[in-house]
Amino acid sequence: MEDCEIGKPRILVIEDNPGFAELVCVLARKAIPEVDCIHVPLLKDGLEILNSHPFKYFNAVVMDLNLPDTTLNSLFALHELYRIPHGASVIVLTGSEDYSDEARQYGVRTYLLKQKASDAVIQQVLREACIRGQ
């Protein structure tokens, strides 16, 4: 991955559905036109990217909890994500309400359901995460 401009807002999307990941990136660009949106389909790929960049490189990490490499335990994704000092706001965008309370205990600020979150809500959450992460 090539280096991005210093100070430019960056969002990492960890999502195995390429169409949904593209929607998140499109909404991010509508909310913050200068944003860099990086998509990876697996938790291990997201963790590798976070480990290879400095603290607070990403303003936000948007992730699904039901990823192919977290099939045994959806909370494993959050456990692994929070083991890395990354400084990003974590936004869970998933299909199940089952882990909302546990996710908040890990430090997740926003837990959205894919089937209920409107485009406007997703854009607002991404905009706020980038402002917080500056």
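A quick note: this is a predicted structure, and the numbers were derived from the prediction, not measured.

K.L.:
Before we move on, can you summarise the nonpolar core with the specific residues and values?
P.N.:
Counting residues in each nonpolar core, the largest one holds 26 residues, and the members touching the most others are Leu-12, Phe-58, Met-63 and Leu-78. Phe-58 has contacts with Arg-10, Ile-11, Leu-12, Ile-38, Ile-49, Leu-50, His-53, Gly-87 and Ala-88, leaving out every residue within four places of it along the chain. Counting 23 residues, the second largest nonpolar core, distinct from the first, contains Ala-28, Ala-60, Ile-91 and Leu-112.

K.L.:
Tell me what's going on with the packing of aromatic side chains, and back it up with residues and numbers.
P.N.:
Aromatic ring pairs are defined here through the distance separating the ring centres and the angle between the ring planes. Taken as a whole and assessed by the stated rule, the structure comprises 2 aromatic pairs. Measuring from centroid to centroid gives 6.3 Å for Tyr-82 and Tyr-106, while their planes differ by 20 degrees, and the two rings are stacked. Of this pair, Tyr-82 sits in the loop between helix H3 (75-81) and strand E4 (89-94) while Tyr-106 sits in helix H4 (residues 100-106), and the two are 24 residues apart along the sequence. Judged by its relative accessible area of 32%, Tyr-106 falls in the partly exposed class. Lying across the ring of Tyr-57, Arg-10 places its NZ or CZ 4.0 Å from the centre. Lys-114 extends its terminal NZ or CZ atom over the ring of Phe-20, reaching a point 4.9 Å from the ring centre.

K.L.:
Account for the pairing of strand E2 (residues 36-40), with residues named and values stated.
P.N.:
Taken across its 5 residues, E2 has 4 buried, putting it largely inside the fold. The pairing of strand E1 (residues 10-14) with E2 spans 5 bridges and is parallel. Its bridge partner lying in E2, Ile-11 is registered against Cys-37. Between E1 and its parallel partner E2, the chain crosses via helix H1 (residues 18-31), and the hand of that crossover is right-handed.

K.L.:
Would you mind going over helix H5 (residues 119-132) in detail, with residue names and values included?
P.N.:
Given a rise of 1.5 Å per residue, 14 residues ought to cover 20 Å, and the 20 Å separating the end C-alpha atoms of H5 matches this to within 8%. Within H5, burial applies to Ile-122, Gln-123, Val-125, Leu-126, Ala-129 and Cys-130. Buried residues of H5, seen end-on, are gathered within an arc of 165 degrees and therefore sit on one face of the element. Every exposed residue of H5 that faces more than 90 degrees away from the buried side is listed here: Ala-120 and Ile-131. Buried-residue contacts for H5 involve E1, H1, strand E3 (60-63), E4 and strand E5 (110-113).

The rules behind the values
- Along each chain, residue indices are assigned from 1 in the same order as the chain's sequence is written.
- Since the coordinates come from a predicted model, pLDDT governs what is reported: local features require at least 70, and pairs of side-chain atoms require 80 or more to be given and counted, while whole-chain, interface and lining totals use all residues.
- Where side-chain values are given, they derive from all heavy atoms of the structure, hydrogens and water being excluded.
- Buried Ala, Val, Leu, Ile, Met, Phe, Trp, Tyr and Cys residues form a nonpolar core when they are joined through side-chain atoms within 4.5 Å.
- Working definition: with a 1.4 Å probe on protein chains only, accessible area under 20% of the residue-type maximum means buried, over 50% means exposed, and in between means partly exposed.
- Whether two residues are in contact is decided by their heavy atoms, any of which lying within 4.5 Å being enough.
- In this analysis, rings of Phe, Tyr and Trp, with Trp reduced to its six-membered ring, are considered paired at centre separations within 6.5 Å, and the interplanar angle assigns stacked below 30 degrees, edge-to-face beyond 60, and tilted for intermediate values.
- Strands here are runs of E lasting at least two residues and helices are runs of H or I lasting at least four, both read from the DSSP assignment and numbered beginning at the N terminus.
- Note on criteria: charge over ring means Lys NZ or Arg CZ within 6 Å of the ring centre, with the direction from the centre no more than 35 degrees off the ring normal.
- Only when DSSP finds a minimum of two bridges between them are two strands counted as paired.
- Seen with the strands pointing away from the viewer, any crossover whose path from the first strand over the helix to the second strand runs clockwise is right-handed.
- To estimate how far a helix should reach, multiply one less than its number of residues by 1.5 Å.
- The arc refers to the directions leading from the helix axis to the C-beta atoms.

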